[in-house]
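Residue-level structure breakdown
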Amino acid sequence: MPEKKPGPSVKDDELYEKLRDEGNSKEKSARIANAAADTSRSEVGRRGGEHPAYEDWTKDQLDKRAAELEISGRSSMSKDELIDALRSH
């Protein structure tokens, strides 16, 4: 059986497959693989966000971010569940 490619929009197939094997979503894996292909894998790991850790966010802030990402079931989630859903998106 031939190896299945992730698609033409993914620039680093090897990294994409590694991320998928680790349990990351297709969207997240593609986003990271493409960012790494545009610069370098080590630079992507060093680049940090401007936001504090999700644990420092209020539940309302987490819910708003989950809504932006269209995470279903967010209205009944606890703060910890929202954090898990956001991290696995």
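Residues numbered from 1 in each chain as written. Predicted model: local features only at pLDDT ≥ 70, side-chain atom pairs only at ≥ 80, totals over all residues. Heavy atoms only, no water.

Counting secondary structure elements, the chain contains five helices and zero strands. Reading the chain from its N end, one meets helices and strands in the order α-α-α-α-α. If you take every contact in the chain between residues at least 6 apart in sequence, the share linking residues at least 24 apart comes to 29%. Entry remark: accessible area of the chain is about 6600 Å², with carbon and sulfur atoms responsible for 47%. (Helix = DSSP H or I, 4+ residues; strand = E, 2+ residues; numbered from the N terminus. Contact = heavy atoms within 4.5 Å. Areas by Shrake-Rupley, 256 points an atom, 1.4 Å probe, with all protein chains shown as cover.)

Working note: non-glycine residues mostly have negative phi, and peptide bonds are mostly trans. Here Glu 70, not a glycine, exhibits a phi torsion of approximately 55 degrees, which is positive. Looking at the secondary structure, you find Glu 70 in the loop between helix 4 (59–68) and helix 5 (79–88).

Glancing now at the environment of Glu 70. On the basis of relative accessible area, Glu 70 is assigned to the exposed category, the value being 70%. With 19 residues separating them in the primary sequence, Glu 70 and His 89 have C-alpha atoms 9.8 Å apart. (Buried < 20%, exposed > 50% of the residue type's maximum accessible area, 1.4 Å probe, protein only.)

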